[in-house]
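Geometric and topological summary
As a plain string of letters, each chain reads:
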Amino acid sequence: MADTSIDAMGAPLTRSPRGRALRRRGTGGRRITSLLARRMVTAVPLLLVVSSFNFLLLSLTPGDAARAILGTSGTPEQYEALRGQLGLDLPVYEQYWHWLARALSGDFGSSITNGSPVLESITSRVPVTMSLIVGSLLVSVVVGVGLGVFSAVRGGVIGRAVDAVALVGWALPIFWVGSVLVVVFAIKLAWFPALGYVPFTESPEDWARSLVLPVTALSLGSVAAVLKQTRESMLDVLGSEYIRMAAANGVSRTSLIYRHALKNAAIPVVTVLGVQTVGLLGGAVLIESVFSVPGLGSLVVGSALAHDIPTVQAVAVVFTVVVIVVNLSVDLAYGLLNPRVSAA
């Protein structure tokens, strides 16, 4: 039934359900636009802070690119000449300003170690790292949420067993897990390749097989965190008053669990997923080193050891952008799961 009210002239106004839905849709659209605008505004200073702090840390590390290139055989004259050629004899703030001016125009410079354009190196490696992170995130969602819901519904011995598994998975270091997986499944059983990466365009099957072990090792901690949070959130929601009332009114158990309880328990789980996604960036650095995967993690490790400032700076910017996108996605997910939640 439509709602009625009186306008300023005394005429009745009718508010139909369709009109209310359109107004809510318009309000939601404005809220999303406002959220995107705020995140874009905060992203700029965040990128500046991260890049400047990263540049400062690199300048404080012992040695420099000139010494890494010449090694121990270079003379002091050659060393000073190369420093001047690379611009390393300038003050740190001036070096950063030169880098920032080029980066703002989309030019991240060339690698100091091999002379290749930094942007090309990063572009070729982004799909590799994203394959690891997206694959690990999917495993975390499917396995973590599935086992969390199952253990919360069943409870008893199964719930305690799942808690124990989650605790063990959270405690094990991923580099140790990766080494064990290589020994068992690559060397002894020969089911999967121990090292390397096969592009999807070359062979989808070999691409999937090359990702199984690194994704398993990388996702273990995330699965444990998501599992634990899902179980605790589901237990809280299943014990709430409105769930008991819905059950008393004859709502089916399947609908009660997956339509009502899981949706209301999802917000804390989404928060954990956001945190774990950011953590996967750091974990990818270790996993790519263990499995010799040519992604951004192995690139930044090798570049940092060689004092390749342009490459390290560019990777830091990429990681920061990923963090910004993940936080924005979490805020948008809050609004989809619960329209009453207003992202600050």
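Residues numbered from 1 in each chain as written. Predicted model: local features only at pLDDT ≥ 70, side-chain atom pairs only at ≥ 80, totals over all residues. Heavy atoms only, no water.

Moving on to the packing of helix α5 (residues 118-154) against helix α11 (residues 296-305). Geometrically, a packed helix pair is captured by the angle between its two axes and the distance between the axes. Taken N-terminus to C-terminus, the directions of α5 and α11 make an angle of 130 degrees; their axes are 8 Å apart at the nearest point. If you check the angle between α5 and α11, you find them oblique. Every residue of α11 that contacts α5 at S121, I122, R125, V126 and T129 is listed here: L296, G297, S298 and L299. Partitioned by chemical class, the residues of the contact of α5 with α11 number 4 nonpolar, 4 polar and 1 charged. (Axes fitted to C-alpha atoms, helices over the stretch in contact; angles between N-to-C directions. Helix = DSSP H or I, 4+ residues; strand = E, 2+ residues; numbered from the N terminus. Parallel < 35°, antiparallel > 145°, perpendicular 65-115°, else oblique. Contact = heavy atoms within 4.5 Å. Nonpolar A, V, L, I, M, F, W, Y, C, P; charged D, E, K, R; others polar.)

This next bit is on the packing of aromatic side chains. One pass over the structure, following the stated rule, counts 5 aromatic pairs. Arranged with centres 6.4 Å apart and planes meeting at 55 degrees, the rings of W99 and F108 form a pair that is tilted. F108 carries the same exposure label as W99, and that label is buried. Within the aromatic cluster, the residues linked to one another by ring pairs are F55, Y96, W99 and F108. (Phe/Tyr/Trp six-rings, centres within 6.5 Å; stacked < 30°, edge-to-face > 60°. Buried < 20%, exposed > 50% of the residue type's maximum accessible area, 1.4 Å probe, protein only.)

Before going further, it helps to spend a moment on the layout of surface pockets. Of the volumes computed, that of the largest pocket is approximately 340 Å³. What lines the largest pocket is a set of 18 residues, among which V270, L273, G274, V330 and A333 lie closest to the centre. When residues in the lining of the largest pocket are grouped by element, the largest group, 8 residues, is from helix α10 (residues 253-290). The residue inventory of the lining of the largest pocket, partitioned by class, reads 14 nonpolar, 4 polar and no charged. One number sums up the size of the second largest pocket: a volume of about 280 Å³. Forming the boundary of the second largest pocket are 14 residues, of which L86, G87, Q95, R102 and P310 lie nearest the centre. Only α3 (76-86), α4 (92-104) and α12 (309-337) provide two or more residues apiece to the lining of the second largest pocket. In terms of residue count, α4 provides more of the lining of the second largest pocket than any other element does, 4 residues in total. Of the residues in the lining of the second largest pocket, the class split is 8 nonpolar, 5 polar and 1 charged. (1 Å grid on protein atoms, 1.4 Å probe; cavity = no way out; pocket = protein on both sides within 12 Å on 5 of 7 lines; lining within 4 Å. Points joined across faces, edges and corners; volume = space filled by probe spheres on them.)

If you look at the biggest cluster of nonpolar residues, it comprises 40 residues, and the most contacted ones within it are W99, F108, I122, F291 and V315. Within the residue set of this core, elements represented by two or more residues are α1 (17-60), α4, α5, α7 (174-188), α8 (204-238), α10, α11 and α12. Top contributing element to this core by residue count: α12, with 8 residues. Aside from chain neighbours lying at most four places away, what touches I122 is L296, L299, A314, V315 and V318. Core analysis: the second largest hydrophobic core is formed by 16 residues, A152, V237, A261 and V272 among them. (Core = buried A, V, L, I, M, F, W, Y, C linked by side-chain atoms within 4.5 Å.)

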